[in-house]
Amino acid sequence: MEPNKDKQESSNSEEGTKGKMTLSLALVTLISAFGSSFQYGYNVSVINSPAPYMQDFYNQTYTDRHGVFMDKNFQTLLWSLTVSMYPLGGFFGSLMVGPLVNNCGRKGTLLINNLFSIAAAILMGTSEIAKTFEVIILSRVIMGIYAGLASNVVPMFLGEMAPKNLRGAIGVVPQLFITIGILIAQILGLNSILGNAEGWPVLLGLTGIPSVIQLLTLPFFPESPRYLLIQKGNEEQARQALQRLRGWDDVDDEIEEMRLEDQSEKEEGQMSVLTLCAFRGLRWQLISIVVMMMGQQLSGVNAVFYYADRIFQSAGVETNNVQYVTVSIGAINVVMTCLAVFIVESLGRRILLLAGFGLCCGSCAVLTLALNLQNTVSWMSYLSIVCVILYIIGHAIGASPIPFVMITEMFLQSSRPAAFMVGGSVHWLCNFAVGLLFLYMEAGLGAYSFLIFCAICLVTMVYIFFVVPETKNKTFMEINKIMAKRNKVEIQTEKEELMDIHTIQAGQAEKKEISNSSNL
């Protein structure tokens, strides 16, 4: 009977470490992603459609105040500020990640963050009645701070809650909701819905609704168990959170894995960004996330969306119908990111990153050729459309979602907040730089600007191939050991485990001796 019992216990513990998608885990994933990540995407594209009406409002408000029309250059400056303040706010939001998640927790930070979004939504929604365009620019900074926090905290929160066999799939869900946010903003921004002179304040103000929903529902779900145990030292709360998320009582294996992680990091304490940058044991992890984040933003995704309208017009799509084509591109983005959620655990992170950047690289190269030849070869405009679609597929399955998953997986609890601060800052600064420089690149290089994006995708792909390991189905400690070899450092965990075993054995021997002497 004993061997069968052992087999049964080992199979149960294996199943326990594997984990399943429970209702609690699914709900907390959806609420976090809809309440936070969705709004990042929504505010990326919400001002594109109503731009002419908003610029008219800027001009009219200025005229009412000063009695003269706004100078054309000044209007361009104000609109540039309206667009660029969002990624700049995102950069400042990323810098706030570490202090907030360490002091308020992951869930606490998401709840506090909703106040930024609700305040900005009220200000933007009432800007026309108040006759002030300055409030819109200020609100874009506030929404940027919100998005900077949300884009980093949601993947961290969900990555720490997910079992290792679902970590990739759950880690892609925030990116899925970013693409859904972009799509919903494109649909609501159609001229026939809210993308008109009367509807744009409502379009901007709607961003507060997901925040209100999250503020009312997220408090009923547990905090990150890793945060509770490793940073707060509260094993009982961590155990209760895990039991609720996993749907069973036996969570000893995961608790033990967290303890080992805690022990291996005791000496380091919570890392600051400066400590992380100087720490040899995490050098390649840090370089990897910087390269992946730069590759993600500098690979030309904004440029492809910018060119998409022109490409479809050259293929014969009427100007009035281009907005519907933009919506269809947004829909392809959502469908392919949804596919990534389902294939990331079977194919792994590396394959999706390589395939994604590879598709983007090839698409940019062919797109350069097609755009230059479309006036002489009639079918080249259709090839351009194929390139745009392939590029979006590549970005949606790999380049967009996977880097954030990798930050969660490549760092342990003490260094993860600082790593997200670095990765998030690179993400938003590169986003800001592309928004600022692309119009100049486009004016100077035209279609050849896509060759620069092609080269960036190629360099990123080569780096990933040689340096970035596969992290699928591995614990944080296992991934740390793989990277330790590349960093040429030794991890103390195994020695500590042996010391712990010797301590336990010594303690048991002492107990036996005491019980024997008392019996005598």
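Residues numbered from 1 in each chain as written. Predicted model: local features only at pLDDT ≥ 70, side-chain atom pairs only at ≥ 80, totals over all residues. Heavy atoms only, no water.

- For the protein, an unreviewed UniProt entry supplies the name Solute carrier family 2, facilitated glucose transporter member 5 and the organism Aythya fuligula.
- The UniProt entry for the protein carries the following text under Catalytic activity (unreviewed entry): "D-fructose(out) = D-fructose(in)". (UniProt positions renumbered as here; feature names shortened; annotations may be inferred.)

1. Topic: the nonpolar core
1) Next: In this structure, Tyr58, Leu276 and Phe450 are the most contacted members of the largest nonpolar core, which totals 128 residues.
2) Next: Dropping the residues within four chain positions of it, Phe450 is found in contact with Ala303, Val304, Tyr307, Cys364, Leu367, Thr368 and Leu371.
3) Next: Grouped together as the second largest cluster of nonpolar side chains are ten residues, Leu228, Leu229, Ala238 and Ala241 included. (Core = buried A, V, L, I, M, F, W, Y, C linked by side-chain atoms within 4.5 Å. Buried < 20%, exposed > 50% of the residue type's maximum accessible area, 1.4 Å probe, protein only. Contact = heavy atoms within 4.5 Å.)

2. Focus on helix α7 (residues 134-161)
Because each turn of an α-helix spans 3.6 residues, side chains separated by three or four positions end up pointing in the same direction.
1) Next: End to end, α7 covers 40 Å across 28 residues, agreeing with the expected 40 Å (1.5 Å per residue, within 8%).
2) Next: Judged by how many residues are buried, α7 sits mostly within the fold: 25 of 28 residues are covered. (Helix = DSSP H or I, 4+ residues; strand = E, 2+ residues; numbered from the N terminus. Expected span 1.5 Å × (residues − 1).)

3. Looking at a nonpolar patch on the surface
1) Next: A contiguous nonpolar surface patch, about 350 Å² in accessible area, is contributed by Leu445, Tyr448, Leu451 and Ile452.
2) Next: On the secondary structure map, Leu445 appears in helix α21 (residues 416-445). (Patch = residues over 30% accessible without salt bridge, like charges linked within 9 Å, V, L, I, M, F, W, Y side chains within 5 Å. Areas by Shrake-Rupley, 256 points an atom, 1.4 Å probe, with all protein chains shown as cover. Salt bridge = Lys/Arg side-chain N within 4 Å of Asp/Glu carboxyl O.)

4. Digging into the packing of aromatic side chains
1) Next: By the definition in use, this model includes 13 aromatic pairs.
2) Next: Where Phe38 meets Tyr42, the ring centres are 6.1 Å apart and the plane angle is 25 degrees; that geometry is what we call stacked. Here Phe38 and its partner Tyr42 are both found in helix α2 (residues 23-45), four residues apart, which amounts to about one turn of the helix.
3) Next: The interplanar angle of 90 degrees and the centroid separation of 5.1 Å between the aromatic rings of Phe465 and Phe466 together place this pair among those described as edge-to-face.
4) Next: Judged by relative accessible area, Phe465 falls into the partly exposed class, the value being 47%.
5) Next: Within the aromatic cluster, the residues linked to one another by ring pairs are Phe57, Tyr58, Trp79, Phe133 and Trp200.
6) Next: For Arg65, the ring lying beneath its charged end belongs to Phe133, and the centroid distance is 5.0 Å.
7) Next: The ring of Phe476 has Arg167 sitting right over it, with the charged end atom 4.5 Å from the ring centre. (Phe/Tyr/Trp six-rings, centres within 6.5 Å; stacked < 30°, edge-to-face > 60°. Lys NZ or Arg CZ within 6 Å of the ring centre and 35° of its normal.)

5. Quick look at the domain arrangement of the protein
1) Next: For the protein, the domain assignment lists domain 1 (22-221) and domain 2 (273-496).
2) Next: In this structure, domain 1 and domain 2 have C-alpha centres spaced 22 Å apart.
3) Next: With 42 residues of domain 1 at the interface, the matching set in domain 2 holds 40 residues.
4) Next: If you sort the residues of domain 1 by the area they bury against domain 2, Lys164, Arg167 and Val172 come out on top, with a joint share of 17%. (Domains from an automatic or database assignment. Buried area = accessible area lost by both parts, 1.4 Å probe.)

6. Here we look at the confidence of the model for the protein
1) Next: Averaged over the protein, the pLDDT score is 87; the fraction of residues at 70 or greater is 90%.
2) Next: With pLDDT under 50 throughout, residues 1-17 is counted as low confidence; its partners more than four residues away or in other chains account for seven contacts.
3) Next: Segment residues 493-508: pLDDT under 50, and nine contacts once partners within four positions in sequence are set aside and those in other chains are kept. (pLDDT = per-residue confidence, 0-100.)

7. What about the packing of α2 against helix α10 (residues 208-217)?
A pair of packed helices is captured by two measures, namely the crossing angle of their axes and the spacing between those axes.
1) Next: Taken N-terminus to C-terminus, the directions of α2 and α10 make an angle of 150 degrees; their axes are 9 Å apart at the nearest point. The pairing of α2 with α10 is recorded here as roughly antiparallel in orientation. Of the two elements, α2 crosses α10, and the hand of that crossing is left-handed. Where α2 abuts α10, its residues Ile31, Ser32, Phe34, Gly35, Ser36, Phe38 and Gln39 lie against Gly208, Pro210, Ser211, Ile213, Gln214 and Thr217.
2) Next: In terms of residue class, the contact of α2 with α10 is made up of five nonpolar, eight polar and no charged. (Axes fitted to C-alpha atoms, helices over the stretch in contact; angles between N-to-C directions. Parallel < 35°, antiparallel > 145°, perpendicular 65-115°, else oblique. Left-handed = near helix turned anticlockwise from the far one by under 90°. Nonpolar A, V, L, I, M, F, W, Y, C, P; charged D, E, K, R; others polar.)

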